[in-house]
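Chain and residue survey
Listed below are the residues making up each chain.
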Amino acid sequence: MGREKSIYNALVDIVGEDFVSNEPEDLYLYSRDGGTTKPRGVDYVVVPKTVEEVQQIVILANREKVPITPMGGGLTLNGLVIPVHGGIVIDMKRMDRIIEVNESSRYVVLEAGVSQGALLSYLRKNHPDLQHSMPEAPSIATVVGNILIRGHGSLSQCGDNSNMLNGMEIVLPTGEICQVGSCSASPHWFGKGPLPDLAGLFIGWFGTTGIVTKASLRLYPRPEKRDMVLFVTQNPDLIPELVYKLTQTRIADNIGMMEQEKPEYMKGYQFTGVIISGDSEEEMDYKRKVLDKIPQTCGDGENKVTLLGEIPPSSKERFLEEPPFAAVAADFRKGGGFQYCAIMMPIEKVPEAWRRGIEIAHNNGMLFQCANQVMSAGHEVMFGYNYSFNRADEEDAERARKAMQETNKLGLELGGIPWKADLQAQKEIVEKMDPNTRELMKKVKKLLDPNGIMNPGNWED
Ligand SMILES: Cc1cc2nc3c(=O)[nH]c(=O)nc-3n(C[C@H](O)[C@H](O)[C@H](O)COP(=O)(O)OP(=O)(O)OC[C@H]3O[C@@H](n4cnc5c(N)ncnc54)[C@H](O)[C@@H]3O)c2cc1C
């Protein structure tokens with residue numbers, strides 16, 4: 001029997017015939033994503049149901065020296081779940097159990113295939129007083145995939161979703177099942193505990209150090225009322241001061257900033273949307289009043305921040321529903337292609353990032369559109385540049401690809417770090433990195449994954 005056939009048969013023995021495929025029409029879907037990454041080959045896709053099945057697949061991959069790429073919703077868009085060297089894609093979506101919600105300690109324990117939408121509706125139905133920090137991503141994105149790339153959501157002022165992680169169960173690249181966080185020494189998944197923080201061995205590694213099978217995520221009180229207050233500026237230089245003043249108030253759940261050149265009347269305006277929440281009208285009114293005063297304290301006569309106030313009732317559902325309309329609006333080019341690249345940066349770099357982002361879009365014949373998130377009370381900003389393109393038009397895709405590469409270079413030049421970096425940007429980050437940090441990453445990788453089977457090609461220099 002050929003090697004290919006024997007790997008296929010071994011996978012069938014592990015998960016059953018219905019959950020493994022090497023058929024071209026199935027592999028087609030796994031060889032590409034919604035972004036500009038060119039398709040790459042996949043040999044098998046397997047969809048396990050249990051941690052033991054994941055373990056058996058990893059043991060098989062070590063024996064056969066075949067690469068494994070773990071995949072959640074596959075919505076990161078930068079080719080991170082498209083294997084670089086072929087092999088097996090492990091699609092985690094069947095591991096979809098919500099195992100426990102602890103109301104008093106406010107956390108959920110779930111399997112790695114649980115989607116954002118599934119968690120949202122489960123909480124709405126069973127624990128309506130609780131919420132998680134819901135990203136604007138399409139709701140089939142997984143909770144774990146988002147945690148692992150330092151994603152952010154509707155409670156971004158409490159931190160990014162990796163900061164809200166309490167612990168994880170992981171199948172290590174050598175097949176051992178291991179836990180990190182309080183759950184490693186207690187039946188309770190309430191926090192990382194006063195332990196060495198081993199979660200960092202898996203966050204930001206793009207599936208190159210293990211396969212997360214369970215995670216515990218913090219939940220937060222869900223107030224009855226939510227609203228958005230809008231500010232507008234016509235000069236990005238005002239943004240750092242505006243954000244500083246807003247975050248000093250400590251009343252926002254979420255702060256987002258955006259600009260887009262279409263429709264025409266939006267061009268040249270930077271919008272800052274502040275989400276506030278509360279349990280009574282009095283609380284909401286108090287928060288609105290605090291925000292009303294912000295423009296008086298920012299800018300001067302000509303350079304001013306204008307309060308647009310609450311968004312009109314007709315738009316409320318659009319902006320306040322979870323996930324909000326951004327996920328739908330992404331495809332404004334109507335070609336199904338969306339390259340969403342972003343740079344994590346300090347707030348003071350935002351004005352330059354804004355201006356030069358406009359130049360990059362225009363130089364590549366594209367419209368400028370950015371959607372930025374203020375994280376953790378202003379400690380950092382995720383500056384997101386959106387390049388919507390027509391997937392059927394390779395020239396259009398190439399423009400978006402080039403714009404993304406230039407954006408990543410700009411980000412590094414400004415002292416930021418590209419978020420969910422594609423292969424090219426990973427290489428550029430690693431080149432810029434302190435050589436001892438680079439060596440440390442190599443040692444960690446070698447120690448955890450001695451056969452180099454986990455998503456190889458990523459984070460390599
Ligand atoms: C329109 C749109 C809007 C978006 N808005 C947001 C937003 O507001 N906030 C935000 O944070 N993101 C956003 N995103 C980006 C992205 O979709 C999300 O971050 C999403 O949550 C990623 O999850 P995923 O399940 O798709 O991850 P995937 O793309 O499947 O995986 C991400 C990475 O983690 C690895 N991985 C996945 N599962 C595992 C596992 N179980 N074990 C080990 N490694 C694993 C993969 O190999 C990959 O490297 C948006 C995307 C789009 C298209």
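How each quantity is defined
Every residue gets a number counted from 1 within its own chain, in the order that chain's sequence is written. Only residues with pLDDT of at least 70 are given local features in this predicted model, and only at 80 or more are side-chain atom pairs given and counted; all residues enter the totals for whole chains, interfaces and linings. Note that the side-chain values use all heavy atoms of the structure and ignore hydrogens as well as water. Boundaries between domains were set according to an automatic or database domain assignment. In this analysis, two residues are considered to be in contact whenever any of their non-hydrogen atoms come within 4.5 Å of each other. Once two parts are put together, the accessible area they lose, assessed with a 1.4 Å probe and summed over both, is termed the buried area. Each residue is tested against the molecule or strand, and it is near if at least one of its non-hydrogen atoms lies within 4 Å. Any N or O atom pair separated by 3.5 Å or less is treated as a polar contact, with the protein-specific requirement of one donor-capable and one acceptor-capable atom, and with residues adjacent in sequence counted only for side-chain atom pairs. Computed with the Shrake-Rupley method and a 1.4 Å probe, the accessible areas treat only the protein chains shown as cover for residues. Put simply, DSSP H or I for four residues or longer makes a helix, DSSP E for two residues or longer makes a strand, and each gets a number counted from the N terminus. The residue classification treats Ala, Val, Leu, Ile, Met, Phe, Trp, Tyr, Cys and Pro as nonpolar and Asp, Glu, Lys and Arg as charged. All others, Gly included, are polar. At least two DSSP bridges between two strands are needed for those strands to be called paired. Working convention: axes come from line fits to C-alpha atoms, limited for helices to the stretch in contact. Angles between N-to-C directions cover 0 to 180 degrees.

So, about the domain arrangement of the chain. Interface size, as often reported, equals the accessible area lost upon joining of the parts. Domain parsing of the chain yields domain 1 (3–93), domain 2 (94–221) and domain 3 (225–419). For domain 1 versus domain 3, the separation of C-alpha centres amounts to 36 Å. At the junction of the two partners, domain 1 supplies 9 residues and domain 3 supplies 13 residues. Between domain 1 and domain 3 lies a buried interface of about 730 Å² when both sides are counted; carbon and sulfur atoms form 39% of it.

The immediate surroundings of the ligand are formed by 36 residues, with Pro70, Gly72, Gly73, Thr76 and Thr142 found nearest. Between an oxygen atom of the ligand and a main-chain N or O atom of glycine 73, the distance comes to 2.7 Å. Separating an oxygen atom of the ligand from a backbone N or O atom of histidine 152 is a distance of 2.9 Å. Calculation on the ligand without its partners gives an accessible area of 970 Å², and the protein chains cover 97% of this total. Elements that contribute at least two residues to the shell around the ligand include exactly strand E3 (68–71), helix H5 (143–148), strand E10 (211–218) and strand E16 (336–345). Ranked by residue count, the leading element in the shell around the ligand is H5, at 4 residues. When its residues are assigned to classes, the shell around the ligand shows 23 nonpolar, 12 polar and 1 charged.

The next point concerns the sheet that holds strand E5 (residues 98–102). Overall, antiparallel pairing links the 5 strands, which are arranged E5-E6-E10-E8-E9 in an open sheet. Looking at strand neighbours, the two that pair on one side only are E5 and strand E9 (177–181), the edges of this open sheet. In this sheet, adjacent strand axes meet at a mean angle of 10° when their direction is disregarded. In the sheet, strand E8 (residues 165–171) pairs with E10 via 6 bridges, with the strands oriented antiparallel. Residue pairing in the sheet places glycine 167 in a bridge with serine 216 of E10. Contacts from helix H3 (residues 51–64) reach E8, E9 and E10 within the one sheet, and its direction differs from that of E8 by about 50°.

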